[in-house]
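# Understanding the architecture of this molecule
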Protein chains: 2
Amino acid sequence: MRHLSDYMPFILKKENIARIEGDEVLIGNRSLYPFEKSFFRCRETEDVAWAIEKMVTQGGGPVRAAMQAMLLLAKRMDEGRLPRDPARFAQAKERLEKTRPTNTTMARVLELMVSAIQESLGKGACCGERAGAFIATYESRYEERAFAMADIGSSLIDDGDGVLTMCFAETSFILTIALAMEQGKRIKVYTPETRPYLQGARLTAPCLEEIGADVTLITDNMPAYLMSQGKIQKYMTAVDIAVSDGWVANKIGTYQNAISAAFHGIPYFPFSGDPDMRKVGRDSIIIERRDPEEVKHLRGLATTTDTMKAYYPAFDIVPPHLIAGIITPKGLISPYLLKRVYGEGESAL
Amino acid sequence: MRHLSDYMPFILKKENIARIEGDEVLIGNRSLYPFEKSFFRCRETEDVAWAIEKMVTQGGGPVRAAMQAMLLLAKRMDEGRLPRDPARFAQAKERLEKTRPTNTTMARVLELMVSAIQESLGKGACCGERAGAFIATYESRYEERAFAMADIGSSLIDDGDGVLTMCFAETSFILTIALAMEQGKRIKVYTPETRPYLQGARLTAPCLEEIGADVTLITDNMPAYLMSQGKIQKYMTAVDIAVSDGWVANKIGTYQNAISAAFHGIPYFPFSGDPDMRKVGRDSIIIERRDPEEVKHLRGLATTTDTMKAYYPAFDIVPPHLIAGIITPKGLISPYLLKRVYGEGESAL
């Protein structure tokens, strides 16, 4: 029996993503990592929402933090410290899901979680227990899906490969690399730094370094040059969302790397644990636009004049013809078959 | 009569690129711009070489700084403060040209300048005067070529265009934008920040802001997304070198933007004031590899762990089939015609 936690670096261990301690939600502070290993403490749902908006956690972190926020509310109700009002969960859900317009996983998970909690609330049952059980089931399915995807991912990597990634592809990708290494494959991973938040430099590269992988940090303007030198054989990223027509959205930069990969004959394999088949096409993807000030700074240091205009679309969208196959828990799927395999209108959670 | 200085922002005015003051060469310190407008003071040729290596100046700056270093040597000889030894110039040339292996302009200019100075030295003439005249001629030809290229560049820009650039395309590009604006064209310029040195954020964007252009700063991972949104109609950069088979080398990232431009049907027009036809093909281009530590920092601030491995190729190479035409002082030239127009084996200075 394989255990996810045996493979995961510090920030991807589930207790370090988000957990409850005392009467607070603690969120692993990815915005300070690897310079500090610290936790952001939240007393209220609003604190959790604020932390997500401020990028204290990102990628797959927000859904985990949001579930803990729901659990905290449920526990407080059980302890009689909050009125047993089902609307509180709906309000919390509404506030939390607004923090991430592009990635719909949190909204979909919270919808199921709130229904479950409200049901137990209606029966007068202990809703903290229900919330806890929901999280446990989610974690266990998440672990199963991660191994299913990483088994495929690692089988796609050949001995001697150079693998390019982008942003922080988290569990599925880190596990893919860990399994490929376990299989005795000698691989090199190239990680673009991923401006402006440096998820590649601060999260992906240190996580890979922690598990002993051969990782090299590059800047976001280098991937195509490395491809032209024959250093890259596979391109793999997470996605924030995969929709029914096979388009995927991920951190800005994913798209141009996919174009360069296609130009050099390098296959692009995005991971999607939970394609959103309720989104009927690429036009239904909402690209989050963040504060342009963030483009003008790095770790608080200015990169240009105060008066400069800037633009910050946080994600981009890759068309299916640039995708060799989407790595899902159900197998490696052609993006053109996604809606047939997952069923149009399905949430796939 | 148009004068280049009337169009140029602060750091591109010739006296702010490099000049002699007293017994020193002053180099406009681009590494601190726009946060500080300061000059790096050099007493010896070695100081100038060091400053170039440390990116105090870059792009078209090093050749100007190197010519001033030669002038300083010549003046000191005229004043009897240095022996009238022609080998001194050859040694200085050798040291200076090593600072920039990719861009051969400085090496080619210094070859001509050293011959001229040595000739006047052989005749017992005042070699400072000869060096000064050489620089004056260079500046005047540079100005002519800049207007020739910017006249073409601005004619290629249509009213309403979005123009993408990369790194710091200096005089020809800034002048192109200035002339297009003078022609009443409403244009938007998008400037990728250009990690790790941020030439885009620190130099290009502030220069465009200074001349009143509508400029927007983006990160290096955004160009393709902007293209997919229809925001970009033209892609224009400088080149560090154009060689006889029509390949061009420029700051890392230029290549992947060119691939994305081709993918979206957007023409790429690089500027080359002095194609190097003595380089017989792309394999003769030397890509400068810089200290990987630079990739791990931004303005001195760490972006990852101290122990991380990184890679820093400073330039990349674009093939002719991704180039719509090279903007040269002799006109807009197909990269496939470059050697016919310029003559194989010619230095084109």
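Up top is the structure these notes are about.
This report concerns the structure included in the present document. Keep in mind that this is a model prediction, so the values were computed, not measured.

## Quick word on helix α6 (residues 105-122) of chain A
Residue and element names in this part refer to chain A. Under the 1.5 Å per step criterion, the end-to-end length of α6 is 26 Å for 18 residues, consistent within 8% with the ideal 26 Å. Restricting attention to buried positions, one finds in α6 the residues T105, M106, R108, V109, L110, M113, V114, A116, I117, S120 and L121. Where the residues of α6 are buried, they touch α3 (45-53), α4 (61-78), α5 (87-97) and α7 (127-156). One or two steps after α6, the chain reaches G124, where phi turns positive at roughly 75°.

## Remarks on the packing of helix α4 (residues 61-78) of chain B against helix α5 (residues 87-97) of chain B
All names here are of chain B. For the pair α4 and α5, the least separation of the axes is 11 Å and the interaxial angle reads 160°. Classed by the angle they form, the pair α4 and α5 counts as roughly antiparallel. In the packing of α4 onto α5, the handedness of the crossing is right-handed. Each of A66, A69, M70, L73, A74 and M77 in α4 lies in contact with α5, whose residues at this interface are R88, F89, A92, K93 and L96.

## Focus on the pattern of salt bridges
All names here are of chain A. Applying the stated criterion across every chain yields a total of 58 salt bridges over all chains. For R41, the salt bridge goes to E24, with nearest N and O atoms at 2.8 Å. Placement of the pair is R41 in strand β3 (residues 39-42) and E24 in strand β2 (residues 24-28), with a sequence separation of 17 residues. Since its relative accessible area comes to 45%, R41 is described here as partly exposed.

## So, the pairing of strand β7 (residues 234-238) of chain B
Consecutive side chains along a regular strand alternate between the two faces of the sheet. Residues and elements named next belong to chain B. Most of β7 sits out of view: five of its five residues are buried. Neither face of β7 is exposed, since K234, M236 and A238 on one face and Y235 and T237 on the opposite face are all buried. Pairing between strand β4 (residues 162-164) and β7: two bridges, direction parallel. Bridge pairing in β7 links V163 to K234. The pairing of β7 with strand β10 (residues 268-271) spans four bridges and is parallel. Each residue of the ladder has a partner; that of M236, found in β10, is F269.

The rules behind the values
- Every chain's residues receive numbers from 1 upward, in the order its sequence appears when written.
- Chains and ligands are labelled by the order in which they are written, letters from A for the one and numbers from 1 for the other.
- Two thresholds apply to this predicted model, a pLDDT of at least 70 for residue-level local features and 80 or more for giving and counting side-chain atom pairs, whereas whole-chain, interface and lining totals are computed over all residues.
- Side-chain metrics in this entry use all non-hydrogen atoms of the structure; hydrogen atoms and water are not considered.
- Think of it this way: any DSSP run of H or I at least four residues long counts as a helix, any run of E at least two long counts as a strand, and we number them from the N terminus.
- A helix is expected to span 1.5 Å multiplied by its residue count minus one.
- To sort residues, take the accessible area from a 1.4 Å probe on protein chains only and compare it with the maximum for the residue type: under 20% means buried, over 50% means exposed, and anything in between is partly exposed.
- Contacts are residue-level and defined by heavy atoms, with any inter-residue pair within 4.5 Å sufficient.
- Axis definition: a line fitted to C-alpha atoms, limited for helices to the stretch in contact. Angles are taken between N-to-C directions and run from 0 to 180 degrees.
- Between 65 and 115 degrees an angle is taken as roughly perpendicular, under 35 as roughly parallel, over 145 as roughly antiparallel, and anywhere else as oblique.
- Left-handed describes a crossing whose near helix is turned anticlockwise from the far helix by less than a right angle; the clockwise case is right-handed.
- Counted as salt bridges are all cases of a side-chain nitrogen of Lys or Arg within 4 Å of a carboxyl oxygen of Asp or Glu.
- By the convention used here, strands pair only if DSSP detects at least 2 bridges between them.

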